[in-house]
Amino acid sequence: MKVLVFGSINIDLLYSVDHIVKPGETISSSMFQKSAGGKGANQAAALAKAGLHVYMAGKIGSDGKFILELLESYKINTQKIIKYDGATGQAIIQIDKNGQNSIILYPGGNEEITVNEIQETLSGFNPGDIIVLQNEIVHLDLIMETAKKQGMRICVNPSPFNEKISSLPLNLANWIFVNEIEGAALAGLPPETDPQTVLDKLTKLYPAVEIILTAGKDGAFYGFGKTRIKNEIVKVPVVDTTAAGDTFTGFFLTAREKNMSVQESLKIACKASSITVSKKGAMESIPFANEVF
Ligand code: RIB
């Protein structure tokens, strides 16, 4: 069984600020850090650090070479990452004194992936293999349809949530990972709706899909058909929430592939993401298996 993450690869430009900058305001940052990120690359790192053999696909410019090297240091197969004559995606991230973030994305290579490159990338994957997707690259609908035709199992994290999500064939997925805001939006409910109600709606809308919903301090929830399972979060001082959701996805999927129960897998994923939020940065703040299992 192979795991392919087809997703974004970003250079994260991280600024520590007192508060998220307001319209018309200019503020100074107390710390700047350039690091490896992108929801796709972070999830590939989480899956690999958790112990799976992972292939990463995406598109970068020559400025993204340091990310490639970091992914390879986690033993991720990077042969499906396409190099092009343009810029790698960027994320400008402000982190306030409470560890909350605010992100501006510049898509770069993430939006330069072509239809031909998708066919080429998915060749060589077989029924039962897993593809992991987020919403930071183009042609997601085509990727999902092609992967399904090949019998691959599909994991979708529709994040960041925007108007593109409504046109995706999400019913083709085996797993959907959402946070409470994304879950409510996907369910067509107000953002403040309680997680159980969101889960009830999503399991009706997507009866063949396992729904995993993270709800910050309220914990993590699983819904499939009539099954409901919940796990509390691990409370730690929050330094930076960046990549917490990516860590959760990677560790939950890995735990399930290691035949752990849903309850145990939620527990492992909550523990892993509690470690990520206690450190600054994205990919490098994700723990390794021996810190979690
Ligand atoms: O999920 C966190 C990621 O979102 C960051 O690494 C940033 O690149 C943005 O894509």
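The preceding data block contains the structure.
Only a predicted model underlies this, so the values are computations on that prediction, with no experimental measurement involved.

S.K.: Please explain the packing of helix 3 (residues 115-122) against helix 4 (residues 140-149) as it appears in this structure.
M.R.: Two numbers describe a pair of packed helices, the interaxial angle and the distance between the axes. Relative to each other, helix 3 and helix 4 sit at 30 degrees, their axes nearing to 10 Å. With respect to each other, helix 3 and helix 4 are oriented roughly parallel. The chirality of how helix 3 crosses helix 4 is right-handed. Taking contact as the criterion, the partners of Val115, Ile118, Gln119 and Leu122 in helix 3 are, on helix 4, Leu142, Ile143, Thr146 and Ala147. In terms of residue class, the contact of helix 3 with helix 4 is made up of 6 nonpolar, 2 polar and no charged.

S.K.: What's the story with the environment of Thr193 in this structure? I'm lost.
M.R.: Structurally, Thr193 is set in the loop between helix 5 (180-187) and helix 6 (195-205). For the pair formed by Thr193 and Val17, sequence separation is 176 residues and the distance between their alpha carbons is 30 Å. Reaching out from Thr193, the side chain makes a polar contact with the backbone oxygen of Pro190 at a distance of 2.5 Å.

S.K.: What is the right way to read helix 7 (residues 244-257) from this model?
M.R.: For an α-helix the count is 3.6 residues per turn, leaving residues at separations of three or four pointing the same way. With 14 residues, helix 7 ought to run about 20 Å at 1.5 Å a step, and its terminal C-alpha atoms sit 20 Å apart, in line with that. With 11 of 14 residues buried, helix 7 lies mostly within the body of the structure. Those residues of helix 7 not exposed but buried are Ala244, Asp246, Thr247, Phe248, Thr249, Gly250, Phe251, Phe252, Leu253, Thr254 and Ala255. Taken from the residues just after helix 7, Asn259 is the one with a positive phi, measuring 65 degrees.

S.K.: Explanation requested: the site of the ligand in the structure shown.
M.R.: Near the ligand, the surroundings consist of 13 residues, among which Asp12, Gly38, Lys39, Glu136 and Asp246 are the closest. A distance of 2.6 Å separates an oxygen atom of the ligand from a polar side-chain atom of Asp12. The separation between an oxygen atom of the ligand and a polar side-chain atom of Glu136 is 2.7 Å. For the ligand, whose unbound accessible area comes to 280 Å², protein coverage reaches 97%. Mapping the ligand onto the cavity grids shows that it belongs to the largest pocket.

S.K.: Could you clarify how one ought to interpret the pattern of salt bridges in this entry?
M.R.: Opposite charge on two side chains permits them to pair, given that their charged atoms come into close proximity. Following the criterion strictly, the structure yields 8 salt bridges and no others. Asp18 is paired through a salt bridge with Lys97; the nearest N and O atoms lie 3.4 Å apart. Of this pair, Asp18 sits in the loop between strand 2 (10-16) and strand 3 (31-37) while Lys97 sits in the loop between strand 6 (89-95) and strand 7 (101-106), and the two are 79 residues apart along the sequence. You can call Lys97 exposed: its relative accessible area is 60%.

S.K.: Teacher, can you tell me more about the packing of aromatic side chains here?
M.R.: Pairs of aromatic rings are described using the distance from one ring centre to the other and the angle between the two planes. Within the structure shown, the criterion is met by 6 aromatic pairs. For the ring pair Tyr55 and Phe125, a centre distance of 5.5 Å and an interplane angle of 85 degrees mean the geometry is edge-to-face. Residue Tyr55 is found in strand 4 (residues 54-60), and its partner Phe125 is found in the loop between helix 3 and strand 8 (130-134); the two are separated by 70 residues along the sequence. The pair formed by Tyr55 and Phe125 is uniform in burial state, with each residue classed as buried. An angle of 5 degrees between the planes, with centres 6.4 Å apart, marks the rings of Phe248 and Phe252 as stacked.

About the criteria used
- Residues numbered from 1 in each chain as written.
- Predicted model: local features only at pLDDT ≥ 70, side-chain atom pairs only at ≥ 80, totals over all residues.
- Heavy atoms only, no water.
- Axes fitted to C-alpha atoms, helices over the stretch in contact; angles between N-to-C directions.
- Helix = DSSP H or I, 4+ residues; strand = E, 2+ residues; numbered from the N terminus.
- Parallel < 35°, antiparallel > 145°, perpendicular 65-115°, else oblique.
- Left-handed = near helix turned anticlockwise from the far one by under 90°.
- Contact = heavy atoms within 4.5 Å.
- Nonpolar A, V, L, I, M, F, W, Y, C, P; charged D, E, K, R; others polar.
- Polar contact = N/O pair within 3.5 Å; in protein donor to acceptor, adjacent residues only side chain to side chain.
- Expected span 1.5 Å × (residues − 1).
- Buried < 20%, exposed > 50% of the residue type's maximum accessible area, 1.4 Å probe, protein only.
- Near = heavy atom within 4 Å.
- Areas by Shrake-Rupley, 256 points an atom, 1.4 Å probe, with all protein chains shown as cover.
- 1 Å grid on protein atoms, 1.4 Å probe; cavity = no way out; pocket = protein on both sides within 12 Å on 5 of 7 lines; lining within 4 Å.
- Sits in = over half its atoms within 2 Å of the grid points.
- Salt bridge = Lys/Arg side-chain N within 4 Å of Asp/Glu carboxyl O.
- Phe/Tyr/Trp six-rings, centres within 6.5 Å; stacked < 30°, edge-to-face > 60°.

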